[in-house]
Amino acid sequence: MPATPSLNLPTRVLMGPGPSGAHPRVLRAMTAPMLGHLDPDFLRLMDECRVMLRKVLRTENEHTLATPGTGTSGMEAAVMNLVEPGDGVVVGICGYFGERIAEMAERAGGEVTRVQFPWGSPVDPDELERAVKAARNVKVVGVVHAETSTGVETPIPPIAKVAHDAGALLIVDCVTSLGGVPVEADSWGADVVYSGTQKCLSAPPGAAPVTASNAAWEKIRAREVPCNSFYLDLQLLEAYWDERRAYHHTAPISMVYALHQALALVLEEGLEARWARHERNGRALQDGLEGLGLTLHADAAHRLPVLTTVRIPEGIDDAEVRGKLLHRHGVEIGGGLGELRGKTWRIGLMGESSTPGNVFLALSALARILREQGFPADMRAGLEAATARLDQP
Ligand SMILES: *Cc1c(COP(=O)(O)O)cnc(C)c1O
């Protein structure tokens, strides 16, 4: 270690599965003066966050807050609070994060049925319905809206119908979708929706929006045994976020500043405009990658614009390509996760990182490196395809 350890860090273009680039206003907010967690000025920020969270999540749910911790804390809050020992839980799994919901539901004491779908396809509501009907005592259904491991979007309304027809509540993971593709907690009929800060909301990792419907809240309040997690007990968290202001944990003060500014930026841009920006840049990248001669992995009809999975061509060294992108071009992309490890790259265009400039940067840098490795990437066709898409009205 040097005599004076320094924080001399490179600036990267973050185009992986998160974190995405943070807006300067969000980073500046984190350097604002420290306040106590019960300071009236800090409590005002919390209240404003709740109002903005409801707008961004498109919900009227009273019980809307942010848990301390990354997206996984939101997932754990949803599962640990909703699932009681002995509850039947059916999880539709089409990637890594669906499996994580199932694992948590088991830890919560649920009787878990996993309904597996190919990694690259969405959860099919008909097959899920058959599993829900075959399972016993189903109280909770869980599904991931935007599977970050595969780049696939599962449409939620038909899944909500399956859950509610069976008298069950629906948990939806919107970690990668919130702020990037339409999330409509109320009109979907989702009972608990959670997200994270470092994907399309473009804040540093460290807080997780969570909202619960009245039906979900009734189940949580009627629990016979308390939630397995003290830290993520939504009833205790709510008692701090609402007017009771009961101490439960010291809020991650600077993270709440960051969330506050990130949500303000989303609303200033406008949700529809923000979705359209992600859609345009994401499709331009996808057309560009195909123009280079690469093959996209996810089902064409269900591809997310915010996270693209592309197959690594035969004979190409995964680690070397990603290493060169990072060290030579300052561009971070993600490797494959779970069963797609070594088989795909994951290229994110989330929040501040979703720009036309980043589309061209990724395509040209990737083309150059692939050509060095002997894959005949057609840089010109790739850039032209991306341009054509960006030029569409
Ligand atoms: C990133 C992610 C998570 C986990 O969030 P962390 O911030 O890494 O804890 C959960 N679900 C999905 C779909 C994700 O993309």
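Residues numbered from 1 in each chain as written. Predicted model: local features only at pLDDT ≥ 70, side-chain atom pairs only at ≥ 80, totals over all residues. Heavy atoms only, no water.

## Overview of the overall build of the protein chain
Moving on, step 1. Helix and strand counts for the protein chain come out as 14 helices and 14 strands.
Moving on, step 2. A compact globule built from 393 residues should have a C-alpha radius of gyration of about 21 Å, and the protein chain, at 21 Å, falls within 12% of that.
Moving on, step 3. Relative to its full complement of 393 residues, the protein chain shows a buried share of 57%.
Moving on, step 4. In the protein chain, the proportion of contacts linking residues at least 24 apart, taken out of those at least 6 apart, comes to 71%.
Moving on, step 5. Accessible surface for the protein chain amounts to roughly 16,000 Å². Of this, 52% is attributable to carbon and sulfur atoms.
Moving on, step 6. Between the averaged position of the 38 positive side-chain charges in the protein chain and that of its 48 negative side-chain charges there is a distance of 4 Å. (Helix = DSSP H or I, 4+ residues; strand = E, 2+ residues; numbered from the N terminus. Rg over C-alpha atoms; globule rule 2.2 N^0.38 Å. Buried < 20%, exposed > 50% of the residue type's maximum accessible area, 1.4 Å probe, protein only. Contact = heavy atoms within 4.5 Å. Areas by Shrake-Rupley, 256 points an atom, 1.4 Å probe, with all protein chains shown as cover. Lys, Arg positive; Asp, Glu negative; His and termini not counted. Charge placed at Lys NZ, Arg CZ, Asp CG, Glu CD.)

## A few points about the pattern of salt bridges
Moving on, step 1. Evaluation of the coordinates by the stated rule reveals 25 salt bridges.
Moving on, step 2. Note that Arg-58 is salt-bridged to Glu-184, the shortest N-O span being 4.0 Å. Here Arg-58 is found in the loop between helix H2 (40-57) and strand E2 (63-68), whereas its partner Glu-184 is found in the loop between strand E8 (169-173) and helix H7 (185-188), with 126 residues between them in sequence.
Moving on, step 3. Its salt-bridge partner being Glu-372, residue Lys-324 comes within 3.1 Å of it at the nearest N-O pair. Linking Lys-324 in helix H12 (residues 318-329) with Glu-372 in helix H13 (residues 356-372), this pair joins segments that are 48 residues apart in sequence.
Moving on, step 4. Judged by its relative accessible area of 23%, Lys-324 falls in the partly exposed class. (Salt bridge = Lys/Arg side-chain N within 4 Å of Asp/Glu carboxyl O.)

## Observations concerning the layout of surface pockets
Moving on, step 1. One number sums up the size of the largest pocket: a volume of about 190 Å³.
Moving on, step 2. What lines the largest pocket is a set of 18 residues, and nearest its centre among them are Thr-72, Phe-97, Val-175, Gln-198 and Lys-199.
Moving on, step 3. At the level of secondary structure, the elements contributing two or more residues to the lining of the largest pocket comprise helix H3 (71-82) and helix H4 (96-107).
Moving on, step 4. A per-class count over the lining of the largest pocket returns 8 nonpolar, 7 polar and 3 charged.
Moving on, step 5. By volume, the second largest pocket amounts to about 160 Å³.
Moving on, step 6. Leu-14, Pro-19, Ser-20, Gly-21, Ala-22, Leu-27, Pro-204 and Pro-205 are the residues that line the second largest pocket.
Moving on, step 7. Of the residues belonging to the lining of the second largest pocket, the class tally is 6 nonpolar, 2 polar and no charged. (1 Å grid on protein atoms, 1.4 Å probe; cavity = no way out; pocket = protein on both sides within 12 Å on 5 of 7 lines; lining within 4 Å. Points joined across faces, edges and corners; volume = space filled by probe spheres on them. Nonpolar A, V, L, I, M, F, W, Y, C, P; charged D, E, K, R; others polar.)

## Side note on the nonpolar core
Moving on, step 1. Membership of the largest hydrophobic core comes to 90 residues, with the highest contact counts inside it found for Val-141, Leu-170 and Val-172.
Moving on, step 2. Broken down by element, the residue count for this core peaks at 11 residues, all from helix H10 (residues 253-269). (Core = buried A, V, L, I, M, F, W, Y, C linked by side-chain atoms within 4.5 Å.)

## Remarks on the pairing of strand E3 (residues 88-93)
Moving on, step 1. With 6 of 6 residues buried, E3 lies mostly within the body of the structure.
Moving on, step 2. Alternating residues of E3 divide into Gly-88, Val-90 and Gly-92 and Val-89, Val-91 and Ile-93, and every residue in both groups is buried.
Moving on, step 3. Bridge count for E3 against strand E4 (residues 111-116) is 6 bridges, and the pairing is parallel. For Gly-88, the partnering residue across the bridge sits in E4 and is Glu-111. (Pairing = 2+ DSSP bridges.)

## A short note on the site of the ligand
Moving on, step 1. Contacts to the ligand come from 13 residues, most closely from Thr-70, Thr-72, Thr-148, Gln-198 and Lys-199.
Moving on, step 2. Thr-148 has a polar side-chain atom sitting 2.3 Å from an oxygen atom of the ligand.
Moving on, step 3. For the ligand, whose accessible area on its own is 380 Å², the fraction buried by protein is 90%.
Moving on, step 4. In this structure, the ligand is accommodated by the largest pocket.
Moving on, step 5. The element that contributes the greatest number of residues to the shell around the ligand is H3, accounting for 3 residues.
Moving on, step 6. Classifying every residue of the shell around the ligand gives 5 nonpolar, 6 polar and 2 charged. (Near = heavy atom within 4 Å. Polar contact = N/O pair within 3.5 Å; in protein donor to acceptor, adjacent residues only side chain to side chain. Sits in = over half its atoms within 2 Å of the grid points.)

## A word on H4
Moving on, step 1. Between its terminal C-alpha atoms H4 stretches 17 Å, which fits the 16 Å expected from 12 residues at 1.5 Å a residue.
Moving on, step 2. Just past H4, the residue Gly-109 takes up positive phi, approximately 90°. (Expected span 1.5 Å × (residues − 1).)

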